[in-house]
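Residue-level structural notes
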Amino acid sequence: MAAADAPAWRLDPAHTRVLFRVDHAGFSTALGLLPAIEGTLRFDPDDWSTARIEASVPLARLQLGDEAWNQTMLSRSWFDAGAHPLARFRSTRVEPTGEGTARVHGLLQLRGVEKPLVLDVRLNKLGRNPVGFRRTAGFSASATLDRRDFGMERWTNLVGTAVALDIQLEAVRSTDEADKEKGDADPQHD
């Protein structure tokens, strides 16, 4: 099955988030949250190699716990959200690594720069969501990037250059066709 033939899913922006972690001068690990991610997923649970994902991250929704700090990080020196309001990720291939796990190779576009990024992904659950009754797939993913690769080169003596990403993603089937094909009960995945 080709990626275009894999079932279509829509990312649920209410339940899809990126948490990033970066060293803050050795005092703490600073945390930031990027919510409201939108996009599409092509995913056949029986053939991960055909999976593809495209996601858009609205940078203006950045949450650091302090509005002044949010605005600093959205400025030209950092995310440059005025000129580049979205970060985007597009997968290029998926490498299954085990039962319910894969490495998703793709391209991250941030601040007008596009660089390769590999996500380690785990399927948490696949089944009918008890709220809304739609077929839902839940994933956790992680990756690490170097912020300097995307032109964020300020304060390397105070702010770490390695940025850890923790992603929680829920995707909802775009149509109920697969539910009709498999029936309402799917004991393997529910």
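In what follows, the structure referred to is the one given above.
Residues numbered from 1 in each chain as written. Predicted model: local features only at pLDDT ≥ 70, side-chain atom pairs only at ≥ 80, totals over all residues. Heavy atoms only, no water.

A count of helical and extended segments in the protein gives two helices and ten strands. Traced from its N-terminal end to its C-terminal end, the protein shows the element sequence β-β-β-β-β-α-β-β-β-β-β-α. Here the protein has a C-alpha radius of gyration of 18 Å; the compact-globule value for 190 residues is 16 Å, and the two agree. Relative to its full complement of 190 residues, the protein shows a buried share of 41%. Taking the intrachain contacts of the protein between residues at least 6 apart in sequence as the baseline, contacts between residues at least 24 apart amount to 57%. Of the side chains in the protein, 24 bear a positive and 27 a negative charge, and the two mean positions are spaced by 4 Å. (Helix = DSSP H or I, 4+ residues; strand = E, 2+ residues; numbered from the N terminus. Rg over C-alpha atoms; globule rule 2.2 N^0.38 Å. Buried < 20%, exposed > 50% of the residue type's maximum accessible area, 1.4 Å probe, protein only. Contact = heavy atoms within 4.5 Å. Lys, Arg positive; Asp, Glu negative; His and termini not counted. Charge placed at Lys NZ, Arg CZ, Asp CG, Glu CD.)

A separate point is the layout of surface pockets. Space inside the largest pocket adds up to approximately 850 Å³. Considering the residues around the largest pocket, the lining is formed by 47 residues, among which Val 18, Leu 34, Leu 117, Leu 165 and Ile 167 are closest to the centre. For the lining of the largest pocket, the per-class residue count stands at 39 nonpolar, four polar and four charged. (1 Å grid on protein atoms, 1.4 Å probe; cavity = no way out; pocket = protein on both sides within 12 Å on 5 of 7 lines; lining within 4 Å. Points joined across faces, edges and corners; volume = space filled by probe spheres on them. Nonpolar A, V, L, I, M, F, W, Y, C, P; charged D, E, K, R; others polar.)

The next point concerns the environment of Arg 42. Summarising the element assignment, Arg 42 is placed in strand 4 (residues 38-42). Measuring from C-alpha to C-alpha, the distance between Arg 42 and Val 121 comes to 15 Å, with 79 residues separating the pair along the chain. In terms of polar contacts, Arg 42 uses its side chain to reach the backbone carbonyl oxygen of Ala 6, at 2.8 Å. (Polar contact = N/O pair within 3.5 Å; in protein donor to acceptor, adjacent residues only side chain to side chain.)

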